[in-house]
Amino acid sequence: MTIRARRLALLAALAFCLACPAHAAKQVVALFPPETTETGADNVLRPAIPTLEQTLTQALEDRFDIRPAGASPAVPPGEEERRRRARSLGASYILSGNLSRIGKAVTMDLTIAPAEEPGKGRTVVVTGTLDDPSPISPAYGSLFRRLGTEAALKMKQLFFGDERVGEGPAAKKIPKPLGTTARSSPVPGDMVSMAASDLDLNGKVEIVAAYPDAIVVYRVEGDDLREKARIPNAGPGLIHVDAADVNRNGVADIVATRFADGKVLSDIWQFDGKEYRKVSAGLPFFLRAADLGPEGVVLLGQESDPDKGYRGQIFRLAVDRTGLVELKDRDRPLPLPSGVFLYGFASLRYAKGVRYAVLTGRDRLVYLDGAGKELWEGLDAVTGPGITLEAREGRIPMPPRMVGVDLDRDGNDELVVLNDLVAAGTYFENLRVRTQAELLCFAQGEFSLQLAWRSPQNDASARDLVADRSGPKTIRFALASRDRGKLVGGAAQWRVLWLQ
């Protein structure tokens, strides 16, 4: 397991991150002037461009950091030129559009897209009637200010969600965090992964954290973590940890996976009343636990490949009451597309069954029904924490953590994704500097996922996500983060950030 960079690049990246102000970040957007298309040769739309740009900037600046990308050229810039300008402005997104007129009818479409893929984005459309084409007419400016304001409001709702999904009587509200972030005290070590469950039957949820060479179980005291138990020499090379009752004896197990020298080995630990004891050792698979709805919690595995990191289908593994893993369920793989990494999908309970959200090779979400049929593909790219697995043919990035959680308590899970944001324009060879993190929440529909809300950006990147369900009514999210919001001695420290 390595961070994708050489040592010098990491030092440069760290210097950049520490130089960033510690405040609630906004998505940085490069605003390109709308292009104009109209019938006839009078070209009455072009004088409206400054009014539209000003209106859009004023209407969007409460949620976005808008940076103008220059005057409208005679020849509209292509994708590569837009990408270059966006990078020079430090923008993660591109906002562009087109203003067209046929007779008196005026239409404006506005598209927001990732800076690295300007051709992939989301579009809103607004219309109006131009009764007086004279730029000095009060009605002229009023129309384009209205179009800009209406388009900006639709864009914010499209990009951030408004907590409401569906239409008509079927519409519902998906609760989101209040927007406050609490920080734990510093946690020593380089936290790789974490999970949450009641690990010792004391009726309280514990946090289990994986470090490169050890596993630590913490009790939660308010916003702080207090060490309860430590499993030393659990590594080297720990990359993922889960906590779930995979042998269904009523006690949550710790499922830990390590990857080193192109080889994967996994272990299962269980509390025996005094200490955590290894009940399955050295399993040659990537492992994780997943809730498959009617099946309950299931242990899943995938084979490793020294050349490509991982290979083959994701399959079920049977576990007996003592914790010993059996291989009899390998003939019942999950109905997922070939090439999906074990950590690159989430199972979601839906209508008393199960569905799946899968990350494609382009870091986009695909929504599958219970039989594996594709229902929907998203346009928003999501990225992981920058951890990679070293294989002979290259580095394999670890996907972002995705969790299914029933936020509105209707029996269907919502998908919550940890998106670690890449700072635009800060590329060192193949290194991408991650400076903020956000949560994306998608609600399930019959044939698609719909963005319900997007959390404010944290002023630090994050490595893993846990949904803490221990509260009687509310759910809060814990992020493992090297927190830049609190610097000690000029260096960031590992903490858990609680979004609530």
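Our subject in this report is the structure included herewith. Quick caveat: nothing in here was measured; it's all calculated off a predicted structure.

Concerning helix H2 (residues 49-60)
Across its 12 residues, H2 extends 16 Å between first and last C-alpha, which sits within 8% of the 16 Å expected from 1.5 Å per residue. Along H2, the residues that are buried comprise Ile-49, Leu-52, Glu-53, Thr-55, Leu-56, Ala-59 and Leu-60. For H2, the angular spread of the buried residues around the axis is 165°, confining them to a single face. Exposed side chains of H2 directed beyond 90 degrees from the buried face belong to Pro-50 and Gln-58. Residues of H2 that are buried sit in contact with strand E2 (27-31), strand E3 (35-38), strand E4 (64-68), strand E5 (93-102), strand E6 (105-114) and helix H4 (138-160).

Details of the sheet that holds strand E19 (residues 285-291)
Through backbone hydrogen bonds, the strands of a sheet pair up, either in parallel or in antiparallel fashion. Read from one edge to the other, the open sheet built from four strands follows the order E19-E20-E21-E22, with strand pairing classed as antiparallel. Each edge of the open sheet is held by one strand with a lone partner, namely E19 and strand E22 (325-326). Pairing of E19 with strand E20 (residues 297-305) involves seven bridges; the strand directions are antiparallel. Bridging from a neighbouring strand, Asp-291 pairs with Val-297 of E20.

Considerations on the pattern of salt bridges
Going through the model one piece at a time under the given rule, you end up with 33 salt bridges. With a shortest N-O distance of 3.9 Å, Arg-311 and Asp-305 are connected by a salt bridge. Among the residues examined, Arg-311 registers a relative accessible area of 42% and is labelled partly exposed. Overall, the relative accessible area of 11% leaves Asp-305 in the buried class. With a closest N to O distance of 3.3 Å, Arg-392 and Asp-307 form a salt bridge.

Some words on the packing of H2 against H4
Two elements in contact, H2 and H4, have axes whose closest approach is 8 Å; the angle formed by their N-to-C orientations is 35°. For the element pair H2 and H4, the recorded crossing hand is right-handed. Touching Thr-51, Leu-52, Thr-55, Leu-56, Ala-59 and Leu-60 of H2 are Gly-141, Phe-144, Arg-145, Gly-148, Thr-149, Ala-152 and Lys-156, all from H4. Residues that form the contact of H2 with H4 fall into these classes: six nonpolar, five polar and two charged.

Some thoughts on empty space enclosed by the protein
Inspection of the entire model under this criterion finds four cavities of 30 Å³ or more. The computed volume of the largest cavity comes to approximately 190 Å³. What lines the largest cavity is a set of 16 residues, and nearest its centre among them are His-240, Met-398, Pro-399, Arg-401 and Asp-464. A class-by-class count of the residues in the lining of the largest cavity yields 10 nonpolar, two polar and four charged.

Digging into the packing of aromatic side chains
Taken as a whole and assessed by the stated rule, the structure comprises 15 aromatic pairs. Where Phe-271 meets Tyr-276, the ring centres are 5.0 Å apart and the plane angle is 50°; that geometry is what we call tilted. With a relative accessible area of 23%, Phe-271 lands in the partly exposed category. Over the aromatic face of Phe-32 sits the side chain of Arg-82, whose NZ or CZ is 5.7 Å from the ring centroid. The aromatic ring of Phe-345 is capped on one face by Arg-288, whose charged end is 4.5 Å from the ring centroid.

As for the sheet that holds strand E16 (residues 253-260)
Judged by pairing direction, the sheet is antiparallel, and its four strands sit side by side in the order E15-E16-E17-E18 without closing on themselves. Every other strand in the sheet has two partners, leaving strand E15 (238-244) and strand E18 (276-283) as the edge strands with one partner each. Ignoring which end each strand starts from, the neighbouring axes of this sheet average 20° apart. Bridging between E15 and E16 involves six bridges; their strand directions are antiparallel. Bridge pairing in E16 places Leu-238 opposite Arg-258.

With respect to the pairing of strand E17 (residues 263-271)
Both faces of the sheet carry side chains from a regular strand, because those side chains alternate between them. Pairing analysis gives seven bridges linking E16 to E17, with the strands arranged antiparallel. Residue pairing across strands places Ala-260 opposite Lys-263, the latter belonging to E17. The hairpin turn running from E16 into E17, its antiparallel successor, is two residues long, and Asp-261 in that turn takes a positive phi close to 55°. In terms of strand pairing, E17 meets E18 through five bridges, oriented antiparallel. If you follow Phe-271 over to E18, its bridge partner there is Tyr-276. The loop that links E17 with its antiparallel partner E18 comprises four residues; one of these, Gly-273, has a positive phi angle of about 105°.

Structural notes on the environment of Arg-230
When you line up the elements, Arg-230 lands in strand E14 (residues 224-231). According to the relative accessible area criterion, Arg-230 is partly exposed, its value standing at 41%. With residues up to four places along the chain from it excluded, the contact list for Arg-230 reads Ala-214, Ile-215 and Val-216. Here Glu-227 takes part through its side chain, which lies 3.0 Å from a polar atom of the side chain of Arg-230.

Details of the layout of surface pockets
The computed volume of the second largest pocket comes to approximately 740 Å³. Forming the walls of the second largest pocket are 27 residues, and the residues nearest its centre are Ala-196, Ala-243, Asp-291, Gly-404 and Arg-469. Counting only elements with at least two residues in the lining of the second largest pocket, the list comes to strand E11 (193-197), E15, E19, strand E23 (345-350), strand E29 (402-405) and strand E33 (464-468). Tallied by class, the residues present in the lining of the second largest pocket amount to 15 nonpolar, four polar and eight charged.

Basis of the calculations
Position numbers for residues count from 1 along each chain, tracking the sequence in the order it is written. Only residues with pLDDT of at least 70 are given local features in this predicted model, and only at 80 or more are side-chain atom pairs given and counted; all residues enter the totals for whole chains, interfaces and linings. Hydrogens and water are ignored here; the side-chain numbers use all heavy atoms of the structure. Secondary structure follows DSSP: runs of H or I at least 4 residues long count as helices, runs of E at least 2 residues long count as strands, and numbering of each begins at the N terminus. By this rule, a helix spans an expected 1.5 Å times one less than how many residues it contains. Buried residues are those whose accessible area, probed at 1.4 Å on protein chains only, stays under 20% of the maximum for their type, while exposed residues exceed 50% and partly exposed ones sit between those limits. To be clear, the arc concerns the directions from the helix axis to the C-beta atoms. Residue contacts follow a heavy-atom distance rule, with two residues in contact if any of their heavy atoms lie within 4.5 Å. Any two strands between which DSSP finds at least two bridges are classified as paired. Definition used for salt bridges: Asp or Glu carboxyl oxygen within 4 Å of a side-chain nitrogen of Lys or Arg. For helices, the fitted line uses only the C-alpha atoms of the stretch in contact; every axis is such a line through C-alpha atoms, and the angle between N-to-C directions lies from 0 to 180 degrees. Crossing handedness is defined as follows: a turn of the near helix away from the far one that is anticlockwise and smaller than a right angle gives a left-handed crossing, while the clockwise case is right-handed. Only Asp, Glu, Lys and Arg are considered charged, only Ala, Val, Leu, Ile, Met, Phe, Trp, Tyr, Cys and Pro nonpolar, and every remaining residue, Gly among them, polar. With a 1 Å grid laid over protein atoms only, a set of points is called a cavity when a 1.4 Å probe fits there but cannot get out and a pocket when it is open yet has protein on both sides within 12 Å along at least five of seven lines; lining residues have an atom within 4 Å of a point. Grid points are joined across faces, edges and corners, and a volume is the space filled by probe spheres set on the points. Within 6.5 Å between ring centres, the rings of Phe, Tyr and Trp (the latter by its six-membered ring) count as paired, and their orientation is classed by plane angle as stacked under 30 degrees, edge-to-face over 60, tilted in between. Charge over a ring is defined by NZ of Lys or CZ of Arg lying within 6 Å of the ring centre and within 35 degrees of the ring normal. In protein, a polar contact means a hydrogen-donor-capable atom and an acceptor-capable atom, both N or O and within 3.5 Å, with residues adjacent in sequence counting only if both atoms are side-chain atoms; elsewhere, any N or O pair within 3.5 Å suffices.

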